[in-house]
Amino acid sequence: GQQVKQSSPSLTVQEGGISILNCDYENDMFDYFAWYKKYPDNSPTLLISVRSNVDKREDGRLTVFLNKSGKHFSLHITASQPEDTAVYLCAAANQGGSAKLIFGEGTKLTVSS
Amino acid sequence: AQTIHQWPVAEIKAVGSPLSLGCTIKGKSSPNLYWYWQATGGTLQQLFYSITVGQVESVVQLNLSASRPKDDQFILSTEKLLLSHSGFYLCAWVWGSSYEQYFGPGTRLTVL
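Just so you know, these numbers come straight off a predicted model, no measurement behind them. (Residues numbered from 1 in each chain as written. Chains lettered and ligands numbered in written order. Predicted model: local features only at pLDDT ≥ 70, side-chain atom pairs only at ≥ 80, totals over all residues. Heavy atoms only, no water.)

Here we come to the state of the cysteines. One pass over the structure, following the stated rule, counts two disulfides over all chains. In this model A:Cys23 forms its disulfide with A:Cys90; the gap between the sulfur atoms is 1.9 Å. Disulfide A:Cys23 to A:Cys90: torsion about the S-S bond roughly 60°, handedness right-handed. A residue pair is termed long-range when its members are at least 10 positions apart, and A:Cys23 in strand E3 (residues 19–25) and A:Cys90 in strand E9 (residues 86–93) qualify at 67 residues. With relative accessibility at 0%, the residue A:Cys90 sits in the buried group. Here B:Cys23 pairs with B:Cys91 through a disulfide, and the sulfurs are 1.9 Å apart. Across the S-S bond of B:Cys23 and B:Cys91 the torsion is about -70°, and the bridge reads as left-handed. (Disulfide = S-S within 2.5 Å. Helix = DSSP H or I, 4+ residues; strand = E, 2+ residues; numbered from the N terminus. Buried < 20%, exposed > 50% of the residue type's maximum accessible area, 1.4 Å probe, protein only.)

Structural data, given as structure tokens:
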């Protein structure tokens with residue numbers, strides 16, 4: 001089964017609004033959670049990540065929220081801009097897995113002006 | 001600063017022909033190296049990883065093999081391509097005890 005799941009294949013947000021991207025996972029042993037941004041025919045770029053000992057991390061307009069009991073993490077992008085339009089991939093890994101990242105299917109974010 | 005290169009940038013190959021894709025990382029010694037594959041419209045899947053020279057672990061087979069002949073080099077290959085091998089191949093690295101993976105620019109493979 002899909003260990004890391006992004007249930008929304010697409011999301012449209014108005015410029016200036018908050019984009020909320022969601023990710024659910026199955027494996028209790030995951031202790032690292034990351035968000036990547038990907039443009040078509042380009043490689044993913046690491047945006048922000050957290051370890052399981054924190055439940056929130058902020059970096060500029062980006063915030064990751066981790067809900068371990070709910071096996072859920074999310075990425076919030078404030079003041080969304082047209083250049084935020086891309087595919088966002090969530091990923092998770094566990095310490096014993098040689099940093100084997102399991103990726104979600106991706107959510108296509110479109111920020112409309 | 002560390003840099004990661006992949007070659008070739010793109011390749012068009014015939015079914016049944018051999019393939020060799022390369023990845024080189026400069027600026028970090030003894031990184032963990034990974035091969036990923038994404039079919040068009042598909043999910044990014046890890047294929048192989050290597051934590052040291054000469055040691056490669058397979059995650060998903062797909063009739064491909066990988067080798068790490070040098071500390072800074074990771075090779076993905078097959079003797080006989082299938083149509084299903086088409087897609088985007090990415091190399092990634094992790095250094096030390098970090099989990100943060102950084103990707104190379106990728107190789108677009110089209111099998112006809």
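Let us look at the interface of chain B and chain A. Taken residue by residue, the interface counts 20 residues in chain B and 23 residues in chain A. Of the roughly 1,700 Å² buried where chain B meets chain A, counting both sides, 59% is carbon and sulfur surface. A per-residue breakdown of the area chain B buries against chain A is headed by B:Thr43, B:Tyr99 and B:Phe103, which together make up 38% of the total. Applying the counting criterion to the chain B and chain A interface returns one salt bridge. As a salt-bridge pair, B:Arg108 and A:Asp41 come within 2.4 Å of each other at their nearest N and O atoms. In this structure, the connection of chain B to chain A is made through five residue pairs in polar contact (both at pLDDT 80 or more). (Contact = heavy atoms within 4.5 Å. Buried area = accessible area lost by both parts, 1.4 Å probe. Salt bridge = Lys/Arg side-chain N within 4 Å of Asp/Glu carboxyl O. Polar contact = N/O pair within 3.5 Å; in protein donor to acceptor, adjacent residues only side chain to side chain.)

Residues and elements named next belong to chain A. Ranked by internal contacts, the top residues of the largest apolar core, which has 23 residues, are Val4, Phe33, Trp35, Phe73, Leu75 and Tyr88. Tallying contributions element by element places E9 first for this core, with four residues. Excluding its chain neighbours within four sequence positions, the residues that come into contact with tyrosine 88 are Gln6, Leu21, Trp35, Tyr36, Lys37, Leu47, Leu75, Ile77, Gly106, Thr107 and Leu109. (Core = buried A, V, L, I, M, F, W, Y, C linked by side-chain atoms within 4.5 Å.)

All names here are of chain A. Within the secondary structure, serine 74 sits in strand E8 (residues 72–77). Within polar-contact distance, the side chain of serine 74 engages the side chain of histidine 76 at 3.5 Å. Non-local contacts of serine 74, meaning those with residues more than four positions away in its chain, are made with Leu21, Asn22, Trp35, Thr63, Val64 and Phe65.

Residue and element names in this part refer to chain B. Spatially, E1-E3-E8-E7 is the arrangement adopted by the four strands of the open sheet, whose pairing is antiparallel. Both edges of this open sheet fall to strand E1 (3–7) and strand E7 (65–70), since each of them pairs with a single strand only. Adjacent strand axes in the sheet meet at a mean angle of 20°, parallel and antiparallel pairs treated alike. In this structure, E1 lies alongside strand E3 (residues 19–26), joined through five bridges in antiparallel fashion. Bridge assignment links threonine 3 to a residue of E3, and that residue is lysine 26. (Pairing = 2+ DSSP bridges. Axes fitted to C-alpha atoms, helices over the stretch in contact; angles between N-to-C directions.)

Turning to the packing of aromatic side chains, a few remarks are in order. Throughout the structure, instances matching the rule amount to 15 aromatic pairs over all chains. Both rings, one in A:Tyr32 and one in B:Tyr99, keep their centres 4.9 Å apart while their planes meet at 10°; by these two values the pair is stacked. In this pair, A:Tyr32 sits in strand E4 (residues 32–38) while B:Tyr99 sits in the loop between strand E9 (87–94) and strand E10 (102–103), so the two residues belong to two different chains. As far as the burial class goes, A:Tyr32 and B:Tyr99 line up, both buried. The side chain of B:Lys28 reaches across the aromatic face of B:Trp95, ending 4.0 Å from its centre. (Phe/Tyr/Trp six-rings, centres within 6.5 Å; stacked < 30°, edge-to-face > 60°. Lys NZ or Arg CZ within 6 Å of the ring centre and 35° of its normal.)

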